Amino acid sequence: QGCRILTGNEDITCPGYAVKVLDTNGAGDSFAAAFVHGYLSGWNINEIGRFSNLMGASKVKKIGSGRNVPTVEELRLEMVNQNLNLQFFNQKHL
């Protein structure tokens, strides 16, 4: 269903992405890793939430965790599947 992010100045909700779930193992860790990456990269909170949701949605489509987290190519493919234009991702790629 997405995520809600609260900071000292902001309260935003980023919608989730509908995908076929194969395995939720590692989805929270993948979401958290994407969140930390976006934060350390200086992305705004909306960009961080949208990217983290994309990572979580991409992860649950794969079986297993650990090295089975989504690749950059898989994230880009999911952006196409979801009809997303995450311009910040294209400009601030991993």
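So, here's what we can say about the structure.

The rules we used
- Residues numbered from 1 in each chain as written.
- Predicted model: local features only at pLDDT ≥ 70, side-chain atom pairs only at ≥ 80, totals over all residues.
- Heavy atoms only, no water.
- Helix = DSSP H or I, 4+ residues; strand = E, 2+ residues; numbered from the N terminus.
- Phe/Tyr/Trp six-rings, centres within 6.5 Å; stacked < 30°, edge-to-face > 60°.
- Buried < 20%, exposed > 50% of the residue type's maximum accessible area, 1.4 Å probe, protein only.
- Pairing = 2+ DSSP bridges.
- Core = buried A, V, L, I, M, F, W, Y, C linked by side-chain atoms within 4.5 Å.
- Contact = heavy atoms within 4.5 Å.

1. Structural notes on unusual backbone geometry
Although it is not a glycine, Asn-83 adopts a positive phi angle of roughly 55 degrees. Structurally, the position occupied by Asn-83 is in the loop between helix H3 (72–81) and helix H4 (87–91).

2. Quick word on the packing of aromatic side chains
For the structure shown, the criterion picks out two aromatic pairs. Ring geometry for Trp-43 versus Phe-51: centroids 5.1 Å apart, planes at 80 degrees, classification edge-to-face. As far as burial versus exposure is concerned, Trp-43 and Phe-51 are alike and both buried.

3. Things to note about the pairing of strand E1 (residues 3–6)
The alternating pattern of E1 places Cys-3 and Ile-5 on a buried face, while none of Arg-4 and Leu-6, on the opposite face, is buried. Examined bridge by bridge, E1 and strand E2 (residues 11–14) share four bridges and lie antiparallel to one another. Considered in E2, the bridge of Leu-6 is made with Asp-11.

4. A word on the nonpolar core
Here is a general trend for soluble globular proteins: nonpolar side chains tend to be buried in one another's company. Counting 16 residues, the largest nonpolar core has Ile-5, Ile-12, Ile-45, Phe-51, Leu-54 and Leu-75 as its most contacted members. Among the secondary structure elements, those contributing two or more residues to this core are E1, E2, helix H2 (45–60) and H3. Of all the elements, H2 adds the most residues to this core, at six residues. Ignoring sequence-local partners within four residues, the contact set of Leu-54 consists of Tyr-17, Leu-75, Glu-78, Met-79, Leu-84 and Leu-86.

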